[in-house]
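Analysis of the macromolecular model
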Amino acid sequence: LRRRSHKMYNFFSRKCVFTTTTLFLHRTLAVKAFSNSEKMSAVTARTALDEMGKDGAFKRKESVWRDVISKEESSKFLPESGRYHLVVAMACPWAHRALIIRALKGLEDAISVSIVHPIWRKTKPDNVEDEHCGWVFGDPNGEPFPNTKGLGGPFPPAYPGNEPDPINNSFAVRDLYEFAQDTNGKYTVPILWDKKLNTIVNNESSEIIRMLSSEFNEFAKNPDLDIYPEAMKESIDSVNEWIYSTVNNGVYKCGFAKSQEAYTEAITELTESFDRVESILGKQRFIAGDTFTEADIRLFVTLLRFDEVYVVYFKTNTRSVLTSPNILNYCREIFQMDGVAGTVDMEQIKTHYYASHPYMNMYSIIPQGRDFVGLLSEPHNRGELFP
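We now turn to the structure provided with this report. Chains are numbered independently. Their residues run from 1 in the order of the written sequence. Confidence filtering applies because this is a predicted model: local features only for residues at pLDDT of at least 70, side-chain atom pairs given and counted only at 80 or more, and all residues used for totals across whole chains, interfaces and linings. Calculated side-chain values reflect all of the structure's heavy atoms, with hydrogen atoms and water omitted.

What follows is about unusual backbone geometry. For the peptide bond that leads from G153 to P154, omega is 0°, which places it in the cis range. Relative to the assigned elements, P154 resides in the loop between β4 (133-134) and α3 (173-179). The phi torsion at N169 lies on the positive side, around 55°, for a residue other than glycine. The way it works is that DSSP assigns letters per residue, a run of H or I at least four long becomes a helix, a run of E at least two long becomes a strand, and they are numbered from the N terminus. Within the secondary structure, N169 is located in the loop between β4 and α3.

This is how it looks when you write it as structure tokens:
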């Protein structure tokens, strides 16, 4: 009886130890899950419109997801066909960079893409306390809707190419960031997403276009295109620096300025740089030299939106592409490169800007404008000017 009691004691002791250990593990996982949930709920959702200085000047903050796809054996993210997915907006100039290089390199079969709806909506529509507005996915079967103030429109639930999220069936781009446990709170496009590890690789457009240009050549239909050639890196970097500050971001500095002083400083810099671009393009075929590079992609996406959006919406009316013959001719050449026109949707571009920020355009009235895309389709003579 004593031996049997001893055996029963050992059995129940082991059982208790196992049960206690199991409960401890479950409790640890639960605490960890709750901790992650707490972190996500503590993140303050924001947009570029919140990045303002005390002087009323717009001060854009840098992207934070900065991993790299590389052929190095030790790389966490190796270049593979079908592994990566781009989330973009036809309207967004930063995302447009990625669409253009994907088209020019011929990577459509290697890297899939989702195009979000052009109009910002509330990203947590079921939470009345959450006022964040941002990019959402299209729903071809959805209902038309007004802007976030209940005015304007009604706008269609999807424009051409706007489809539901194929990754996680997310409602908003914000959901993808939260799934990846983002702690920054700014939910931008483009996103380069890893379908294998189910996370964000990178959301900085300048780095994404370089990766698409250099790391996927074995899957590209146009592998010889190099938008960041070794011999031109210094020239490209130099051009990128002043064009980003005063043109690419300069138009936003004008449009989002909340003081006359901030606006005046921004429009002065932009005007001087616009004239500088016009002068350079009168002397050479491309902005960084005689070869098409990433600097041209980065400049083109801003110039494309300049007359139809920025001149009106961002008050950049000191200059225009239409009245700048060298810039217009240059834009025509890039627009007519194989694949580029297919990345341009002026309707979605204009709809995004004029309908996404009700405090700037309460009733979301979209100006008719001219047929700027039609003007870009007219012949250019850049090749004859700079043989």
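Okay, back to it.
Let us look at the sheet that holds strand β1 (residues 84-88). When DSSP finds at least two bridges between two strands, those strands are taken to pair. Strand order in the open sheet formed by 4 strands is β2-β1-β5-β6, with mixed pairing between adjacent strands. Each edge of the open sheet is held by one strand with a lone partner, namely β2 (112-115) and β6 (199-202). Looking at each pair of strands side by side, their axes are set apart by 35° on average, direction ignored. With 4 bridges joining them, β1 and β2 adopt parallel strand pairing. The partner of V87 across the bridge, within β2, is S114. Sitting on the sheet, helix α2 (residues 93-105) is in contact with β1 and β2, with an inclination near 135° to β1. Angles run from 0 to 180 degrees between N-to-C directions of axes, and those axes are lines fitted to C-alpha atoms, restricted for helices to the stretch in contact. Pairs of residues are marked as contacts when any of their non-hydrogen atoms sit within 4.5 Å.

This paragraph deals with the packing of helix α5 (residues 233-248) against helix α7 (residues 260-280). The interhelical angle for the contact between α5 and α7, taken along N-to-C directions, is 130°, at an axis separation of 8 Å. Here α5 lies oblique to α7, going by the angle between them. Relative to α7, α5 is oriented so that their crossing is left-handed. Only E269, L270, S273, R276, V277 and I280 of α7 make contact with α5, whose side of the interface consists of W242, T246 and V247. Split by residue class, the contact of α5 with α7 holds 5 nonpolar, 2 polar and 2 charged. Roughly parallel means an angle under 35 degrees; roughly antiparallel means over 145; roughly perpendicular covers 65 to 115; every other angle is labelled oblique. Whether a crossing is left-handed or right-handed is set by the direction in which the near helix is turned from the far one by less than a right angle, anticlockwise for left-handed and clockwise for right-handed. Any residue outside Ala, Val, Leu, Ile, Met, Phe, Trp, Tyr, Cys, Pro, Asp, Glu, Lys and Arg is labelled polar, Gly included; the first ten of those are nonpolar and the last four are charged.

Another point: the pattern of salt bridges. The rule for a salt bridge is simple: a side-chain nitrogen of Lys or Arg has to be within 4 Å of a carboxyl oxygen of Asp or Glu. Overall, the coordinates contain 17 salt bridges when judged by the stated rule. Between D275 and R319 there is a salt bridge, and its shortest N-O distance comes to 2.7 Å. Residue D275 is found in helix α7, and its partner R319 is found in the loop between α8 (294-313) and α9 (325-335); the two are separated by 44 residues along the sequence. Residue burial is assigned from relative accessible area. The probe radius is 1.4 Å, only protein chains are included, and a residue is buried under 20% of its type maximum, exposed over 50%, and partly exposed in between. D275 gets classed as partly exposed once you look at its relative accessible area, which sits at 34%. Close ionic contact of R332 with E378 constitutes a salt bridge, the shortest N to O distance being 2.9 Å. Separated by 46 residues along the polypeptide, R332 in helix α9 and E378 in the loop between α11 (372-376) and α12 (382-385) bring together distant segments of the chain.

Right, let's talk about the nonpolar core for a bit. Definition of nonpolar core: a set of buried residues of the types Ala, Val, Leu, Ile, Met, Phe, Trp, Tyr and Cys, connected through side-chain atoms within 4.5 Å. Counting residues in hydrophobic clusters, the biggest one holds 100 residues, and the most contacted among them are V87, W135, V173, I287, F300, V321 and Y330. With 11 residues, the single largest contributor to this core is α8. Residues within four places of V87 in sequence aside, it is in contact with S114, V116, F137, I167, V173, L176, V189, P190 and I191. One finds I119, F155, Y159 and A355 within the second-largest nonpolar core, a separate group that totals 5 residues.

Let us now look at the side chain of N240. Within the secondary structure, N240 sits in helix α5. At a separation of 2.8 Å, a polar atom in the side chain of N240 contacts the side chain of E294. Here a polar contact is taken to be a pair of N or O atoms separated by no more than 3.5 Å, where protein atoms must pair a possible hydrogen donor with a possible acceptor and residues adjacent in sequence count only if both atoms sit in side chains. At 3.3 Å, the side chain of N240 forms a polar contact with the side chain of R298.

Below, the discussion takes up the environment of D296. Among the structural elements, D296 can be located in helix α8. The spatial distance from the C-alpha of D296 to the C-alpha of V239 is 9.6 Å, given a sequence separation of 57 residues. Beyond its immediate stretch of four places on either side in the chain, D296 contacts F286, I287, T291, Y330 and I334. A polar contact of 3.0 Å, which involves the side chain of D296, links it to the backbone nitrogen of I287. Polar side-chain contacts of D296 include one of 2.9 Å to the backbone nitrogen of T293.

Here we take up the environment of I365. Along the polypeptide, I365 turns up in the loop between α10 (346-356) and α11. Exposure remark for I365: the relative accessible area of 57% places this residue in the exposed category. Taking the C-alpha atoms as reference points, I365 and A355, 10 residues apart in sequence, are found 7.3 Å from one another.

Stacked, tilted and edge-to-face pairs are distinguished by plane angle, under 30 degrees for stacked and over 60 for edge-to-face with tilted covering the rest, among Phe, Tyr and Trp rings (Trp via its six-membered ring) whose centres lie within 6.5 Å. Applying the stated criterion across every chain yields a total of 20 aromatic pairs. When the ring of F216 is compared with that of F219, the centres are 6.4 Å apart and the planes differ by 55°; the resulting orientation is tilted. What makes F216 buried here is its relative accessible area of 0%. Take F219: its relative accessible area is 26%, and that puts it in the partly exposed class. Measuring from centroid to centroid gives 5.3 Å for Y310 and F314, while their planes differ by 10°, and the two rings are stacked. What makes Y310 buried here is its relative accessible area of 0%. Its relative accessible area of 0% is what places F314 among the buried residues. Through successive ring pairs, a cluster of aromatic residues spans W94, Y244, Y252, F256, F274, F306, Y310, Y313, F314, Y353 and Y354. Geometry around F145 places R121 over its ring, the cationic atom sitting 3.7 Å from the centre. Should the NZ of a Lys or the CZ of an Arg lie within 6 Å of a ring centre and within 35 degrees of the ring normal, that charge is described as sitting over the ring.

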